[in-house]
Amino acid sequence: MTGQAPDRARVIPLRPGPPRPEPAPAPREPLLRDLVGDVLRSERLAQERTLKDVADAARISMPYLSEVERGRKEASSEVLAAAARALGLGLGDLLARAHGELVRVTGRRAAAMPRGGSGSARDGLCLAA
């Protein structure tokens, strides 16, 4: 050997490029309790009825009905049916309206989604009474 250093690949440090933007967080799916609460409240207001009136007719407490309307409580199907009946609706009507609201809310989101994103025309929530 002649005392020369062996050939080595020269390492060139990469210059950092512009920072990559953080991907936007996926939109949160609406909760069923929020959708159902919105339907109950909008129907009650459309009928110009008070919380007390509807709660008394449904035989549930007024504070509990308020919590259900605001989406803060997961009401049982029995409570939802009673609240719906007090408003002149069946449980199926209430769930169908909640489904319509779900389609409306997520439909905007689906239109903004790039092709190949999650979902097909058949994706969604099936609600049965």
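Bear in mind the structure is a predicted one, so any value in this text is a computation, not a measurement.

**Q** For the pattern of salt bridges, give the residues involved together with the corresponding values.
**A** Considering all chains together, one arrives at 8 salt bridges under this definition. The partner of Lys52 in a salt bridge is Asp56, and the shortest N-O contact between them spans 3.0 Å. Of this pair, Lys52 and Asp56 are both found in helix 2 (residues 51-58), 4 residues apart, which corresponds to roughly one turn of the helix. For Asp56, a relative accessible area of 47% translates into the label partly exposed. Residues participating in the shared-partner salt-bridge network are Arg41, Arg44 and Glu69.

**Q** Can you break down unusual backbone geometry residue by residue, with the values?
**A** If you check the backbone angles, Glu48 has positive phi at about 55° while not being a glycine. Position of Glu48 among the secondary structure elements: in the loop between helix 1 (32-46) and helix 2. Under the relative-accessibility criterion, Glu48 is labelled exposed at 74%. At Arg59, a position not held by glycine, the phi torsion is positive, near 60°. Here Arg59 is to be found in the loop between helix 2 and helix 3 (62-69).

Cut-offs used in this document
Residues numbered from 1 in each chain as written. Predicted model: local features only at pLDDT ≥ 70, side-chain atom pairs only at ≥ 80, totals over all residues. Heavy atoms only, no water. Salt bridge = Lys/Arg side-chain N within 4 Å of Asp/Glu carboxyl O. Helix = DSSP H or I, 4+ residues; strand = E, 2+ residues; numbered from the N terminus. Buried < 20%, exposed > 50% of the residue type's maximum accessible area, 1.4 Å probe, protein only.

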